[in-house]
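# Structure at a glance
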Amino acid sequence: MQLRQKDLLGIEHLDRKEIELILEAAKPFKSLFTRSIKKVPTLRGKTVVNLFYEPSTRTRTSFEIAAKRLSADVVNIAVSSSSVVKGESLIDTGKTMEAMKADFIVIRHSLAGAPAVLARNLNSSIINAGDGFHEHPTQGLLDLFTIREKKRKIEGLTVLLVGDILHSRVAKSNIWGLIKMGARVRVSGPPTLIPSGIENMGVEVNYNLDEALKGVDVVNILRIQLERQQENLFPSVHEYMELYQMTRERLANARPDVLVMHPGPMNRGIEISSEVADSPAAVINEQVTNGIAVRMAVLYLLSGRFQPNKKTDRGIHE
Ligand code: CP
């Protein structure tokens, strides 16, 4: 079993077996993290280019650490000081990276579909690190990995996504992944921030967060995009907090063993109270750790070096 495509553009394009393959492949990579030497030679001689047209703390750093732990060479392009500012097109920038023998290009872009444009025009493997409102597949995969690690399953769980579903690529990737893995998915947030017709994806909508939390196994709280405030999509931050901030009292509506997730960056005291963010139910920092293992698995599987059932004596696929 291998991934069918050279690129990872979205969870929409993965089937359940491919998702399971990535989650399984990530496990031995995670086991490396407790060792004094956290590195394997799997991608020695390969080059990973991080091409981020939008800010990032977690994803860019996580891909860099993942690639380095696989012994790949990593190049980070600072778009603001590159020839992009002189008007170079996305495809020409990509072709320049390919001419330098980039095996992987990890791209974040404000336009949905930008990674797909590169994938169609280049032989390098393209990994979507977040494109507009479309998808953020490695975030979705690390969220699935974290849920499965903590709950021992995904199938049959009820997972609630809270907040700005409309503009959230994290929400889209989570919804595709959770539904393919057999979870029941619910969303809650202001009506202006829930896409119309989302029920057609098999998602339940409940605008009342206290009701939406009933029976929930996992709650994934999305960053409220404060820049949207100018678009008048919600009346005020204060009102948002009144209705949708995840507080300890509100969280009590969920199952007692509820898992609290947030993709980051967090607006503490806005979409999530510090009390909840720092509570034992929260796995926000574990999501970050798991992100490295999942990105190692993605790089490794896309490299075509995967040989099913073959393991080294250290338990890491070769
Ligand atoms: N979760 C996430 O994508 O964070 P960054 O924007 O910091 O990469």
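Before any of the text, the structure's been laid out above.
## Details of the overall build of the chain
Across its full length, the chain carries 11 helices and nine strands. Relative to the 2.2 N^0.38 estimate, which gives 20 Å for 318 residues, the radius of gyration of the chain is 19 Å and therefore close to what a compact globule would have. Within the span of the chain, comprising 318 residues, buried residues form 55% of the whole. Residue pairs at least 24 apart in sequence account for 73% of intrachain contacts in the chain once pairs closer than 6 positions are excluded.

## Comments concerning the sheet that holds strand E9 (residues 259-261)
Taken together, the five strands give an open sheet; going across it, the order is E7-E6-E5-E8-E9, and neighbouring strands pair in parallel fashion. Each edge of the open sheet carries a strand with a single partner, namely strand E7 (203-205) and E9. Taken pair by pair, the neighbouring strands of this sheet meet at an average axis angle of 20 degrees, ignoring direction. Summarising the sheet, strand E6 (residues 184-188) and E7 pair through three bridges and their orientation is parallel. Opposite Arg186, over in E7, you have Glu204 as the bridge partner.

## Details of the packing of helix H2 (residues 58-69) against helix H11 (residues 284-302)
For any two helices packed against each other, the geometry comes down to the angle between their axes and how far apart the axes lie. Taken N-terminus to C-terminus, the directions of H2 and H11 make an angle of 55 degrees; their axes are 8 Å apart at the nearest point. When the axis of H2 is compared with that of H11, the two are oblique. With respect to the hand of their crossing, H2 and H11 are arranged in right-handed fashion. In this structure, H2 uses Arg58, Thr59, Ser62, Phe63, Ile65, Ala66, Ala67 and Arg69 to contact H11, whose residues at the interface are Val288, Gly291, Ile292, Arg295, Met296 and Leu299. A per-class count over the contact of H2 with H11 returns eight nonpolar, three polar and three charged.

Rules and cut-offs
Residues numbered from 1 in each chain as written. Predicted model: local features only at pLDDT ≥ 70, side-chain atom pairs only at ≥ 80, totals over all residues. Heavy atoms only, no water. Helix = DSSP H or I, 4+ residues; strand = E, 2+ residues; numbered from the N terminus. Rg over C-alpha atoms; globule rule 2.2 N^0.38 Å. Buried < 20%, exposed > 50% of the residue type's maximum accessible area, 1.4 Å probe, protein only. Contact = heavy atoms within 4.5 Å. Pairing = 2+ DSSP bridges. Axes fitted to C-alpha atoms, helices over the stretch in contact; angles between N-to-C directions. Parallel < 35°, antiparallel > 145°, perpendicular 65-115°, else oblique. Left-handed = near helix turned anticlockwise from the far one by under 90°. Nonpolar A, V, L, I, M, F, W, Y, C, P; charged D, E, K, R; others polar.

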